[in-house]
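# Coordinate analysis (summary)
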Amino acid sequence: MNYNELTRRYFESAANAGELTGPGVFRGAAGNRAQGTWVQFDLQIKAGMVSAAKFLAFACPHTIAVAAWLAEQAVRGHLVPQLPESVHMLRDRFAVPVEKMGRLLIIEDAWLAAVIPAIDYRQSTHIVR
Amino acid sequence: MSAVRAPVYLDHAATTPVDVRVAARMAEVLSSETEYGNPASSSHGYGDVAGTLVESARTQVAAAVGAGAAEVIFTSGATEANNLAMFGISQYYRERGRHIVTARTEHKAVLDPCRELERRGWEVSYLVPDKEGLLDPSQVAAALRPDTVLVSLMHVNNEIGVVQNIGAIGAICARHGGAWLHVDAAQSVGKCPVHFASLGADLMSLSAHKVYGPKGVGALVISQQGDSGGRGRVQLTAMQFGGGQERGLRAGTLATHQVVGMGLAFEIAAKISSVETARVAHLQQRLWQGLEALGGVLRNGSATRSVPHLLNVSFEGVEGESLIASIRPHLAVSTGSACTSALAEPSYVLRALGRSERLSESSLRFGLGRTTSEADIDVAIATLTREVGRLRKVAGATPVA
């Protein structure tokens, strides 16, 4: 299996691997280790923006690289109910083989599982105020 | 400019570097002004010289495996030898029976011919080894039928290194009276004692490039002995035609330099001392202890009935493709999956032993050889300690110790 330079760099560094705890942290996960791919995102939200992001992944190099890149890109971004880039754009950026498209969808599911509760929480607290 | 260190080669079960003595002798044959004749040409001295070289190599190969020179048929490798044995026996004895016995953990060079024979109407029984990869000879006895014409089992497994009890299986086949025993011994020579006559095999496949010889040459050993069961000598139908070479069983001009290389490689392998075997066993033990210390590392195959040159382990808590990508710059090893596409297939050998799909994918086969040093083993341990630890951290995984 060959990987492009970006994939290799983010796979090897996996700089944002880990977990976040504390107030304002929202966690989302998808996939299944027994099935070969599992991804988790922790997003810390302050004032409607992502202040910190971490990921964990039991997955192939493409999946780890994309998750690491998303965690990096998310910081200082606004909360929106979608990936910072579409699955197809991520596929092109990281040269993900078409056979692995399902793994990008697992990443998207994990991302949305963290983001949507954060958005819901923000909206509910906004209404209360 | 800094030198980039080449990955440590620990894949000697896939192939071995050609011994420098073998390469030198082959080069001599290739560049000689007297040794380039066609070994089948008997009408002039050039052919006689080449023919003598081939027969000398045949004697060397035979001597290394306890066979007679007349029993050795040169082929392009063990795969061709397996094909010749399996199709040759099946075709010759097709009126007597169309049942074959083999094991799920055989090499593809046996399993794929079995699949093809099934397609052509033969029945194949696939024996399942125990969790250590070993067959009980009684399994073979139970699988034999009146119409069984062939039992094909490997001596040393190419993925996990376990040594099957071929002697006992050979005795069972001989008692059966109708089933010929073919043994794929491509991984055996130079790693454990191989004595064709004592094993009770009727046919045995050999490869040169697993034994520090050249690629592209191997042999099928075919017993010339009749057995006490009244079967007479084993007979094969030829699979290729066009010159009658190799007793009419393998037509085609022999590549003298390849054959000479195989002969010398086998002669050298036969002289491997117990000191060298002990050295490799020490390295394997050092590697296993270093990896075991990581926790969550499982050994695949019997530790006691195996050759010391192979170690196959599964790593818990790491994904297979990531493991391979992580170590690739540092180590040249084989994986527990066949990467025939973007999505790897887990090893069918490890799956047959009961390993899960995930553990099969996150397994590595270390093939130790003559060039392997303690420093190489220490690089392997350090690399895997670092990378397995990193991947487990990324996965948030806690392996079961």
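Residues numbered from 1 in each chain as written. Chains lettered and ligands numbered in written order. Predicted model: local features only at pLDDT ≥ 70, side-chain atom pairs only at ≥ 80, totals over all residues. Heavy atoms only, no water.

### A few points about the pairing of strand E3 (residues 49-58) of chain A
Residue and element names in this part refer to chain A. Among the 10 residues in E3, seven count as buried, and that is most of the element. As defined by bridge partners, strand E2 (residues 37-46) adjoins E3 across nine bridges and the pair is classed as antiparallel. When the bridges of E3 are listed, Gln44 appears paired with Ala52. Between the antiparallel neighbours E2 and E3 lie two residues, among them Ala47 with a positive phi of about 55°. (Buried < 20%, exposed > 50% of the residue type's maximum accessible area, 1.4 Å probe, protein only. Helix = DSSP H or I, 4+ residues; strand = E, 2+ residues; numbered from the N terminus. Pairing = 2+ DSSP bridges.)

### Here's the deal with the interface of chain A and chain B
The partner chain B presents 17 residues to the 25 residues of chain A that form the contact. Both sides of the chain A and chain B interface together cover about 1700 Å² of buried area, and 58% of this is carbon and sulfur. Ranking the residues of chain A by area buried against chain B places Phe11, Phe58 and Glu99 of chain A at the top, with a combined share of 28%. Seen at the junction of chain A and chain B, the total is one salt bridge. Among the salt bridges present, the one from Lys100 of chain A reaches Glu321 of chain B, with a minimum N-O distance of 2.7 Å. (Contact = heavy atoms within 4.5 Å. Buried area = accessible area lost by both parts, 1.4 Å probe. Salt bridge = Lys/Arg side-chain N within 4 Å of Asp/Glu carboxyl O.)

### Remarks on the nonpolar core
Residues Phe41 and Phe55 of chain A together with Phe315, Phe366 and Leu384 of chain B are the most contacted members of the largest nonpolar core, which totals 69 residues. For this core, the leading source of residues is helix H4 (residues 101-128) of chain A, giving 10 residues. For Phe55 of chain A, the contacting residues outside a window of four places in its chain are Ala14, Asn16, Ala17, Gly18, Gln40, Phe41, Ile64, Ala67, Ala68 and Ala71 of chain A together with Val394 of chain B. (Core = buried A, V, L, I, M, F, W, Y, C linked by side-chain atoms within 4.5 Å.)

### Remarks on the sheet that holds strand E1 (residues 25-32) of chain A
Strand order in this open sheet of three strands is E1-E2-E3 (chain A), and the pairing throughout is antiparallel. Looking at which strands have only one partner, the edges of the open sheet turn out to be E1 and E3 of chain A. For this sheet, the mean angle separating the axes of adjacent strands, direction not counted, is 15°. Sitting on the sheet, helix H2 (residues 61-74) of chain A is in contact with E2 and E3 of chain A, with an inclination near 170° to E3 of chain A. Against the sheet, helix H13 (residues 374-395) of chain B makes contact with E2 and E3 of chain A, and its axis sits at roughly 125° relative to E3 of chain A, the strand it touches most. (Axes fitted to C-alpha atoms, helices over the stretch in contact; angles between N-to-C directions.)

### Focus on the pattern of salt bridges
Residues and elements named next belong to chain B. By the definition in use, this model includes 29 salt bridges over all chains. With a closest N to O distance of 2.9 Å, Glu276 and Arg279 form a salt bridge. Of this pair, Glu276 and Arg279 both sit in helix H9 (residues 274-292), separated by three residues, roughly a single helical turn. Judged by relative accessible area, which is 18%, Glu276 ranks as buried. Classification of Arg279 by relative accessible area gives partly exposed; the value is 27%.

### Let's talk about helix H4 (residues 108-119) of chain B
For an α-helix, the turn length of 3.6 residues means that residues three or four places apart are oriented alike. All names here are of chain B. With 12 residues, H4 extends 16 Å between its outermost C-alpha atoms, agreeing within 8% with the 16 Å of an ideal straight helix rising 1.5 Å per residue. Residues Ala109, Val110, Leu111, Pro113, Cys114 and Leu117 constitute the buried set of H4. Positive phi shows up at Gly121, right after H4, with a value of about 110°. (Expected span 1.5 Å × (residues − 1).)

### A short note on helix H3 (residues 87-94) of chain A
Residues and elements named next belong to chain A. Along H3, the residues that are buried comprise Val87, Leu90 and Phe94. Looking straight down H3, one finds its buried side chains confined to an arc of 60°; they lie on one side. Count one or two residues on from H3 and you reach Ala95, which has phi positive near 50°. (Arc of directions from axis to C-beta.)

### Points about the packing of aromatic side chains
The tally for this structure, following the rule as stated, stands at six aromatic pairs over all chains. Each ring, one from Phe41 of chain A and one from Trp111 of chain A, has its centre 5.1 Å from the other, and the planes form 85°; the classification is edge-to-face. One end of the pair, Phe41 of chain A, is in strand E2; the other, Trp111 of chain A, is in helix H4, and 70 residues separate them in sequence. Overall, the relative accessible area of 0% leaves Phe41 of chain A in the buried class. The exposure class assigned to Trp111 of chain A is buried, which follows from its relative accessible area of 4%. An aromatic cluster of at least three residues, connected via ring pairs, comprises Tyr10, Trp69 and Phe94 of chain A. Cation over ring: Arg98 of chain B sits above Trp122 of chain B, and NZ or CZ is 4.7 Å from the ring centre. (Phe/Tyr/Trp six-rings, centres within 6.5 Å; stacked < 30°, edge-to-face > 60°. Lys NZ or Arg CZ within 6 Å of the ring centre and 35° of its normal.)

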